[in-house]
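Below, each chain spelled out in residue letters.
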Amino acid sequence: MPINSESRDGVLIMRLTAEYAFDEWFTSLDETLAALDAPVRALLCDLTGAEGIKQRSSEDLARGIGMMTERAEQFSWRVAAVAPEDIHFGLLRMAEAYGDSKLRTRVFRSEDD
């Protein structure tokens, strides 16, 4: 599966690799959130190995942010993304502009940032 999840210190980390579809991503997010015993303080999406984002249109990004916003209360309205490649980083910075003002998002080049 191109999506792996783990919870660490209240942060849900989702690593997206290879090709993935938004619906697949959000199904995995919903299933993971439902299975967790502890509350989630934030969501970290690691797109280091993701290929699918390269083909996303601005409409796709807006849809993805909308889907994220619908679930945002479950992770305290806090989202970080790791996007080392320029195209991923730029697209996610663009997606930040589409987000609900309550949704606090940040894009980083590496998980250490």
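Everything here concerns the structure above.
All residue numbers here refer to positions counted from 1 along the written sequence of the relevant chain. Selection of residues for local features in this predicted model requires a pLDDT of at least 70, selection of side-chain atom pairs for listing and counting requires 80 or more, and totals for whole chains, interfaces and linings are taken over all residues. Here the side-chain values reflect all heavy atoms present in the structure, with hydrogen atoms and water set aside.

(A) Representation of the sheet that holds strand S4 (residues 78–82). If you trace the 5 strands from one edge of the open sheet to the other, you get S1-S2-S3-S4-S5, paired in mixed fashion. One side of each edge strand has no neighbouring strand; the edge strands of this open sheet are strand S1 (3–8) and strand S5 (104–108). Here the average twist between neighbouring strands, direction ignored, is 15°. Taken together, the 6 bridges between S1 and strand S2 (residues 11–18) define a ladder with antiparallel strand orientation. The residue of S2 that forms the bridge with Asn 4 is Arg 15. DSSP-based pairing: two strands are paired if at least 2 bridges between them are found. Going along the chain from the N terminus, every DSSP run of H or I of four or more residues is numbered as a helix, and every run of E of two or more is numbered as a strand. Orientation is described by lines fitted to C-alpha atoms, with helices fitted over the stretch in contact, and by angles between N-to-C directions that extend from 0 to 180 degrees.

(B) View of the pattern of salt bridges. Just to be clear on terms, a salt bridge is a Lys or Arg side-chain nitrogen sitting within 4 Å of an Asp or Glu carboxyl oxygen. Applying the stated criterion to the full structure yields 9 salt bridges. In this structure, the salt-bridge partner of Arg 8 is Glu 111, at a minimum N-O distance of 3.6 Å. Of this pair, Arg 8 sits in strand S1 while Glu 111 sits in the segment after S5, and the two are 103 residues apart along the sequence. Relative accessibility decides the category of a residue: with a 1.4 Å probe and only protein chains considered, values under 20% of the type maximum give buried, values over 50% give exposed, and everything between is partly exposed. With a relative accessible area of 35%, Glu 111 lands in the partly exposed category. Linked by salt bridges that have partners in common, Glu 6, Arg 8, Arg 15, Asp 46 and Glu 111 make up one network.

(C) Region of the structure containing the side chain of Ser 28. Tracing the sequence through the fold places Ser 28 in helix H1 (residues 22–35). Among the residues examined, Ser 28 registers a relative accessible area of 8% and is labelled buried. The contact rule is simple, with two residues in contact once any of their heavy atoms fall within 4.5 Å. Excluding its chain neighbours within four sequence positions, the residues that come into contact with Ser 28 are Ile 3, Ser 5 and Met 14.

(D) Representation of the packing of helix H2 (residues 58–71) against helix H3 (residues 86–98) in the model. Viewed as axis vectors pointing N to C, H2 and H3 meet at an angle of 60°, and their least axial separation amounts to 9 Å. For the element pair H2 / H3, the angle class is oblique. For the pair H2 and H3, the sense of crossing is right-handed. Where H2 abuts H3, its residues Ser 58, Leu 61, Ala 62 and Ile 65 lie against Leu 91, Met 94, Ala 95 and Tyr 98. To sort the angles, those under 35 degrees are grouped as roughly parallel, those over 145 as roughly antiparallel, those from 65 to 115 as roughly perpendicular, and the leftovers as oblique. The handedness criterion is simple: a crossing whose near helix is rotated anticlockwise from the far helix by less than a right angle is left-handed, and one whose near helix is rotated clockwise is right-handed.

(E) Geometry of the environment of Phe 108. Take Phe 108: it is sitting in strand S5. As a C-alpha pair, Phe 108 and Asp 46 span 62 residues in sequence and 9.4 Å in three-dimensional space. Once residues within four sequence positions are removed from consideration, Phe 108 is found in contact with Ala 80, Ala 81, Val 82, Ala 83, Phe 89 and Asp 113.

(F) Expanded view of the pairing of strand S3 (residues 42–50). Among the 9 residues in S3, 7 count as buried, and that is most of the element. As paired strands, S2 and S3 are joined by 7 bridges and run parallel to one another. Bridged to Ala 18 within S3 is Ala 50. The definition of a right-handed crossover adopted here requires that, viewed with the strands pointing away, the path from the first strand over the helix to the second runs clockwise. Handedness of the S2-H1-S3 crossover: right-handed.

(G) Structural context of the packing of H1 against H2. The interhelical angle for the contact between H1 and H2, taken along N-to-C directions, is 10°, at an axis separation of 11 Å. The angle between H1 and H2 falls in the class roughly parallel. Classified by chirality, the crossing of H2 by H1 is right-handed. For the pair H1 and H2, the contacting residues are Phe 22, Asp 23, Trp 25, Phe 26, Leu 29 and Asp 30 in the first and Asp 60, Leu 61, Arg 63, Gly 64, Met 67, Met 68 and Arg 71 in the second. Note on residue categories: nonpolar means Ala, Val, Leu, Ile, Met, Phe, Trp, Tyr, Cys or Pro, charged means Asp, Glu, Lys or Arg, and polar means any other residue, Gly included. Its residues assigned to classes, the contact of H1 with H2 shows 7 nonpolar, 1 polar and 5 charged.

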